[in-house]
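This is what each chain is made of:
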Amino acid sequence: MFVSTNSLMNKKLKIDDELFEKAKEVKNRFWRYNEDPRESPYIPVEVSESWIRSKDYNIDPNDTRLKHKLPAEEFKKLLEEKKLLIQTAIPLIKKYLSILNASGHRMTLTDRNGVLLYTTATGNDENDYWPELGTVLRENTIGTSAHELCMNLGQPLQFIGPYNYCVYLEDYIVSAAPIFEENAGIIGSLLIYQLMKDNDHNIMQTHSLGWVSAMAFAIEQQMMLLKANDTLKWNNKMLQATLSIVNGGVITLDKRGIISHINQEGAHILSFDKNKAKDKHISAYIHDASNILMTLKDGLSVNNHELILPKDNTERRYLTTVTPIMDDSNIAEGAVVHLVPIEGIKKLVNDFRGAQASYTFANLVGNSPVFLESIRNAKQFSNNYGNVLIQGESGAGKELFAQAIHNDYRPDGPFVSINCSAIPRNLIESELFGYEGGAFTGAERKGRPGLIELANDGTLFLDEIGDMPLEIQPVLLRVLEEKKVLRIGGQRYIPVNFRVIAATNQNLRTMVAEKTFREDLYYRLAVFKLRIPALRERKEDILELTDFFIKRVCRKIGINKNPDLSSAVKKTLLEYPWPGNVRQLENTMVYAVTMAQNGIINLRNLPDDILLPETVKVESADTLTMDDAERIAIEKAMIRAANSVATAADILGISKSTLYYKLRKYKIPSN
């Protein structure tokens, strides 16, 4: 009789010989006369329908040759795929090997597709047709079987030998149970084969059904534990790897404030052995841990709190974030503390605000003797810690030299650039020195570090230093002398270590004489003085710079072929005085490349201030007559039209004959 775990017949049943023989008879009549087994009261409908399908597969019930076997490589691949199932099931099966052998039982393991993965059968008996590992035991290969039905029905079951389609399995009572995997459904089956000896088939051993069901459940649970353990190991390894590369220290606390985990950087910050830190209270290492303990008490986060810790006979500042770990009742059961050196945050802030130094000495373009002399001096100054005063006209490249010196001296430190003329007078003190929270109306609650503080371990570039307010100069001098800064509203001096590079287009010595610049500050800044020549002083570099800027502009706007300069343009560029220096030349090339056509930069492609004679450019509008204005307009149009009267007339919106008349009137050459 067919028995399943949710059947009313799931109990120890006595089966008489008549029932056993009737089942065999029904199957024989089905084979020979094609009688429908579903009409028989002796055969469960699931078995009957499987018999019908097996016959449709043309399976020979008397064939003992199990020839459907996976190729070796395919079976090897399958074993690897089912590694977790095999490694879980086989050790459990082997625990009962002695009982199985003593009782004449056999136990097998298949995958979801009926492939035999493991068996306790030896196959030593010459009449034993037991299949080899890798054999495919499906309904379409061996016909009706217990393991196929148990997986199709999704429940354990047991049936007697005649229910098996093939004759060679008729002497077995089979108990089968499907094996489930979480989120994957049925992944295999576990079976116990009990050989029925003479006169033994009248007792159905239902205890084996409970046995195989319990073992299948144990396999499922063990697989879940192994997967959970593997996941836990993976998560732990991933957490360890993550914490090892997290910037700064990471400390995990329980609800009492006891350290449960700390990464290597955190141990370094708190100056103790990482392996000895666990189970110690955080207050043993952080004297003022009130903010951290408050988070454990009220469950509120602490963001960007400044924490001061002693380190190597000095003080180090850290930006602290404390994040609570909440339970299901929204009560803090622990916290994660993140400590980041403020210096690293400051450098990051500087990078984001565009304060990084990108130029090196290799990026400075020019080969004129006077320019090369400036580079040699700058390189010599960069190897010394003394402050540098760079003098030169606007647009000459003073900040480029400052960046090059910084990258040669302290390339890993921040480069903080301050334009002293651009900061409003009433804000310059707070911008330079920073302030504590609530120091004045409008101050941020947490306070803010000043630009000088941000320059720690790097370079402070004071551009347009001549515009520094006189009342701020003594405070700046004190910072330069003492190498420490006091925030507005603060009571603690913050040590800073930086190099100053100042730049100006003014004569500071004259300003000192006029009492508009402090003499002591001047000498503090001008340890080394570097002069940057104006562009008109190094005409040899003009065409080289022009070529450099043309290539850069073309690269930025996506022009594949760099335009060439006409001979007239080269002559104009070399003769022009360049009051705006290198900056003006760069802007001129941006305009010229944009306006150029046919791969040539002609005179008409240059800006007006380059084309018009100096005498015309400086004429005051108050002294211009109508004729003067007309003459200037015609001159500009002729230059733009490359002396083409027709083109110039179109530009001016007049006829060619009128333009010829005007050219003669103002004696403007047209050839």
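Computed from a predicted structure; not experimentally measured.

### A closer look at the overall build of the chain
Looking only at helices and strands, the chain features 27 helices and 22 strands. Considering the chain as a whole, with its 671 residues, one finds that 46% of them fall into the buried category.

### Overview of the packing of helix α20 (residues 542-557) against helix α21 (residues 567-575)
A pair of packed helices is captured by two measures, namely the crossing angle of their axes and the spacing between those axes. As a packed pair, α20 and α21 sit with axes 10 Å apart at the nearest point and diverge in direction by 120°. The two elements α20 and α21 cross, and the hand of that crossing is right-handed. Counting all contacts with α20, which are made through Ile542, Leu543 and Thr546, the residues of α21 involved are Lys570, Leu573 and Leu574. Counted by class, the contact of α20 with α21 contains 4 nonpolar, 1 polar and 1 charged residues.

### A few points about unusual backbone geometry
One non-glycine residue, Asn183, lies in the positive phi region at around 70°. Mapped onto the elements, Asn183 comes out in the loop between β5 (172-181) and β6 (185-195).

### Focus on the side chain of Thr588
Tracing the backbone shows Thr588 in helix α22 (residues 581-595). Leave out the neighbours within four places in its chain, and Thr588 touches Trp578, Leu606, Pro607 and Ile610.

### Considering the nonpolar core
Of all hydrophobic cores here, the largest spans 35 residues; its most connected members are Leu460, Leu462, Ile465, Phe498 and Phe517. Put simply, the parts of the chain that give this core at least two residues each are β13 (415-419), α15 (428-433), α16 (451-454), β16 (458-463), α17 (473-482), β19 (498-504), α18 (508-513) and α19 (519-525). Tallying contributions element by element places α17 first for this core, with 4 residues. Residue contacts for Leu462: discarding those within four places in its chain leaves Ile418, Cys420, Leu476, Val500, Ile501, Ala502 and Ala503. Counting 34 residues, the second largest nonpolar core, distinct from the first, contains Phe20, Leu137, Cys150 and Leu191.

### Brief notes about the side chain of Ser382
Tracing the sequence through the fold places Ser382 in helix α13 (residues 369-382). Judged by relative accessible area, which is 0%, Ser382 ranks as buried. With residues up to four places along the chain from it excluded, the contact list for Ser382 reads Phe361, Ile405, Asp408, Tyr409 and Arg499.

### Let's talk about the environment of Glu49
Inspection of the secondary structure puts Glu49 in helix α2 (residues 45-56). For Glu49, a relative accessible area of 34% puts it in the partly exposed group. Separated by 95 residues in the primary sequence, Glu49 and Thr144 have C-alpha atoms spaced 9.2 Å apart.

### Describing helix α27 (residues 656-665)
Every α-helix winds through 3.6 residues per turn, so residues three or four apart in the chain are directed the same way. Restricting attention to buried positions, one finds in α27 the residues Leu659, Lys662 and Leu663. Take α27 and look down its axis: the buried residues cluster within an arc of 100°, on one side only. Facing away from the buried surface of α27 by more than 90 degrees, the exposed residues are Ser657 and Arg664. Close packing links the buried residues of α27 with α25 (626-640) and α26 (645-652). A positive phi of about 55° marks Lys667, the residue just after α27.

### Thoughts on the pairing of β6
Extensive coverage of β6 is indicated by the burial of 9 of its 11 residues. The pairing of strand β2 (residues 105-111) with β6 spans 7 bridges and is classified as antiparallel. Bridge pairing in β6 links Met107 to Ile192. Summarising the sheet, β5 and β6 pair through 10 bridges and their orientation is antiparallel.

### Thoughts on the sheet that holds β19
As summarised here, the arrangement of the 5 strands in space is β13-β16-β19-β12-β20, forming an open sheet in which the pairing is parallel. Of all strands in the sheet, those with a lone pairing partner are β13 and β20 (528-531), marking the two edges. Between one strand axis and the next, the sheet turns by 20° as a mean value, whatever way the strands run. The sheet contacts of helix α14 (residues 398-409) involve β12 (388-391), β13, β16, β19 and β20, and relative to β19 the element is tilted by about 165°.

### Structural notes on the packing of aromatic side chains
Applying the stated criterion to the full structure yields 11 aromatic pairs. Where Phe30 meets Trp51, the ring centres are 6.3 Å apart and the plane angle is 20°; that geometry is what we call stacked. Note that Phe30 is positioned in helix α1 (residues 17-33) and Trp51 in helix α2, a separation of 21 residues in sequence. With a relative accessible area of 0%, Trp51 lands in the buried category. Between Tyr522 and Tyr523, the ring centres sit 5.2 Å apart and the planes meet at 70°, which makes this aromatic pair edge-to-face.

Analysis parameters
Residues numbered from 1 in each chain as written. Predicted model: local features only at pLDDT ≥ 70, side-chain atom pairs only at ≥ 80, totals over all residues. Heavy atoms only, no water. Helix = DSSP H or I, 4+ residues; strand = E, 2+ residues; numbered from the N terminus. Buried < 20%, exposed > 50% of the residue type's maximum accessible area, 1.4 Å probe, protein only. Axes fitted to C-alpha atoms, helices over the stretch in contact; angles between N-to-C directions. Left-handed = near helix turned anticlockwise from the far one by under 90°. Contact = heavy atoms within 4.5 Å. Nonpolar A, V, L, I, M, F, W, Y, C, P; charged D, E, K, R; others polar. Core = buried A, V, L, I, M, F, W, Y, C linked by side-chain atoms within 4.5 Å. Arc of directions from axis to C-beta. Pairing = 2+ DSSP bridges. Phe/Tyr/Trp six-rings, centres within 6.5 Å; stacked < 30°, edge-to-face > 60°.

Bear in mind that shape data such as this cannot, by itself, settle questions of function.
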